Amino acid sequence: MEKEYIIAGNWKMFKTVEESVDFLKALNEKINTLPQDDAVEILVFPPFTSLYAVKGISSRIKTGAQNLHFEENGAFTGEISPLMLGNLVDYVLIGHSERREIFKEKDEDINKKVKTALKHGFTPVLCIGESLEEREAGKTFSKVEDQLGKDLEGLNLVEIEKVVIAYEPIWAIGTGKNATPEQAQEVHEFIREILQKKIGSPETTRILYGGSVKPANSYDLLRQKDINGVLVGGASLKVDDFFGIIQDSYKLANG
Ligand code: PGA
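## Quick word on the packing of aromatic side chains
Next, step 1: For the structure shown, the criterion picks out 3 aromatic pairs.
Next, step 2: Ring geometry for Trp 11 against Phe 23: centres 4.9 Å apart, planes inclined by 75°, an arrangement best described as edge-to-face. Of this pair, Trp 11 sits in the loop between β1 (5-10) and α1 (17-31) while Phe 23 is found in helix α1, placing the two residues 12 residues apart along the sequence. Accessibility assignment for this pair places Trp 11 and Phe 23 in one class, buried.
Next, step 3: For the ring pair Tyr 167 and Tyr 209, a centre distance of 6.3 Å and an interplane angle of 55° mean the geometry is tilted. Note that Tyr 167 is positioned in strand β6 (residues 164-167) and Tyr 209 in strand β7 (residues 207-210), a separation of 42 residues in sequence.
Next, step 4: The positively charged end of Lys 15 is found above the aromatic ring belonging to Trp 11, 5.6 Å away from the centroid.

## Observations regarding the packing of helix α7 (residues 140-151) against helix α9 (residues 181-199)
Helix-helix packing is characterised by the crossing angle of the two axes and by the distance between the axes.
Next, step 1: In the contact formed by α7 and α9, the axes pass within 10 Å of each other and the chain directions differ by 40°. By the angle between their axes, α7 is oblique relative to α9. Pair α7 / α9 crosses with right-handed handedness. Of α9, the residues touching α7 (which contributes Thr 140, Phe 141, Val 144, Glu 145, Leu 148 and Gly 149) are Glu 186, Val 187, Phe 190, Ile 191, Ile 194 and Lys 198.
Next, step 2: Here the residues of the contact of α7 with α9 sort into 7 nonpolar, 2 polar and 3 charged.

## Concerning unusual backbone geometry
For residues other than glycine, phi is negative in most cases, and the peptide bonds are mostly trans.
Next, step 1: In the Ramachandran plot, Lys 12 falls in the positive-phi region, its phi being about 50° despite a non-glycine side chain.
Next, step 2: One can find Lys 12 in the loop between β1 and α1.
Next, step 3: Even without being a glycine, Lys 15 presents a positive backbone phi close to 85°.
Next, step 4: Take Lys 15: it is sitting in the loop between β1 and α1.

## Focus: the site of the ligand
Next, step 1: Within the structure, the ligand sits among 14 residues, and Lys 12, His 96, Glu 168, Gly 174 and Ser 212 are positioned closest to it.
Next, step 2: Gly 174 is positioned with one of its backbone polar atoms (N or O) 2.6 Å from an oxygen atom of the ligand.
Next, step 3: In the environment of the ligand, an oxygen atom lies 2.8 Å from a nitrogen or oxygen atom belonging to the backbone of Gly 233.
Next, step 4: Within the complex, the protein chains bury 95% of what would otherwise be the 280 Å² of accessible surface of the ligand.
Next, step 5: Partitioning the shell around the ligand into residue classes produces 5 nonpolar, 7 polar and 2 charged.

## Digging into the nonpolar core
Next, step 1: Of all hydrophobic cores here, the largest spans 65 residues; its most connected members are Ile 7, Leu 27, Ile 165, Ile 191, Tyr 209, Phe 242 and Ile 246.
Next, step 2: Here this core gets 8 residues from one element, more than from any other, and that element is helix α11 (residues 239-254).
Next, step 3: The next biggest cluster of nonpolar side chains, apart from the first, holds 12 residues, and it includes Ala 8, Leu 93, Cys 127 and Val 164.

## Let's talk about the sheet that holds β6
Next, step 1: In space, the 8 strands of this closed barrel follow the order β1-β2-β3-β4-β5-β6-β7-β8, with parallel pairing throughout. Taken over all neighbouring pairs, the strand axes of this sheet differ in orientation by 25° on average, direction set aside.
Next, step 2: Sheet analysis places β1 next to strand β2 (residues 40-45), joined by 6 bridges and oriented parallel. In the strand pairing of β2, Asn 10 is matched with Phe 45.
Next, step 3: Running at roughly 145° to strand β3 (residues 61-65), α1 makes contact with β2 and β3 of the sheet.
Next, step 4: With respect to the sheet, α11 is in contact with β1, β2 and β8 (229-232), its orientation differing from that of β1 by roughly 170°.

## Section: the pattern of salt bridges
Next, step 1: Counted under the stated rule, the structure contains 16 salt bridges.
Next, step 2: For Arg 223, the salt bridge is made with Asp 220, and the minimal N-O distance between the two is 3.3 Å.
Next, step 3: The partly exposed category is assigned to Asp 220, whose relative accessible area is 35%.
Next, step 4: A salt bridge links Lys 251 to Asp 248, with the shortest nitrogen-to-oxygen separation between them at 3.2 Å. Here the residue Lys 251 and the residue Asp 248 both occupy positions in helix α11, the gap between them amounting to 3 residues, near one helical turn.
Next, step 5: Taking relative accessible area as the criterion, Lys 251 reaches 52% and is therefore assigned exposed.
Next, step 6: Of the residues examined, Asp 248 reaches a relative accessible area of 6% and is grouped as buried.

What counts and how
Residues numbered from 1 in each chain as written. Predicted model: local features only at pLDDT ≥ 70, side-chain atom pairs only at ≥ 80, totals over all residues. Heavy atoms only, no water. Phe/Tyr/Trp six-rings, centres within 6.5 Å; stacked < 30°, edge-to-face > 60°. Helix = DSSP H or I, 4+ residues; strand = E, 2+ residues; numbered from the N terminus. Buried < 20%, exposed > 50% of the residue type's maximum accessible area, 1.4 Å probe, protein only. Lys NZ or Arg CZ within 6 Å of the ring centre and 35° of its normal. Axes fitted to C-alpha atoms, helices over the stretch in contact; angles between N-to-C directions. Parallel < 35°, antiparallel > 145°, perpendicular 65-115°, else oblique. Left-handed = near helix turned anticlockwise from the far one by under 90°. Contact = heavy atoms within 4.5 Å. Nonpolar A, V, L, I, M, F, W, Y, C, P; charged D, E, K, R; others polar. Near = heavy atom within 4 Å. Polar contact = N/O pair within 3.5 Å; in protein donor to acceptor, adjacent residues only side chain to side chain. Areas by Shrake-Rupley, 256 points an atom, 1.4 Å probe, with all protein chains shown as cover. Core = buried A, V, L, I, M, F, W, Y, C linked by side-chain atoms within 4.5 Å. Pairing = 2+ DSSP bridges. Salt bridge = Lys/Arg side-chain N within 4 Å of Asp/Glu carboxyl O.

Taken by themselves, the reported measurements are silent on function.
Here it is in structure tokens:
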């Protein structure tokens, strides 16, 4: 069976409006050298300020928001509601470890955000993953299971199927030290098992790996049975690097 991939770029707090527009125009040109292939979905998460400006630049690159608030309106200074994201994005990143660690988001908030995203027709990309301390203490699986349980609580089967999971070990994010393909595969398989218990059809869930993905390691990661794509931070800020990763997914989708 042909494998389908999502190649997603998380730009974090990088790129002005102009830089975002220039980047996507340049990336679009490169992507247009590849044949149209529905088995690969390309997605970027620019900062909020760039979303309107980048709309329509490429019919082959989808966009997502890096966060959203779970209320539709209200006295929440500095927050962005699902109504404001309106038809600007298809995806929303939820529960990135930087949101959890630096901005103190709790599983309870993340669960509300997942529900809000689904209610408004966005596909949530839910990030989970263990810290170095947890990995060294042999708690990787229990951490991931705990996060999935809390973050997906109260969702019905149809809703759970729509959620994309991004497994991002915290020790691999921005460190240049990626999980080996075997380490990543092992956790992805475990996540699939957990979801199978919840929904009974694990094959349908798309599970991405994130953490120091770059052209030098993307092929071997994407080749793993339970890896359906990658969430790329640093390497998604450079057109050539991000395109290199996209090219790997094309090779594998058609191989
Ligand atoms: P990185 O970031 O690729 O720079 O490690 C990944 C992420 O934070 O999603």
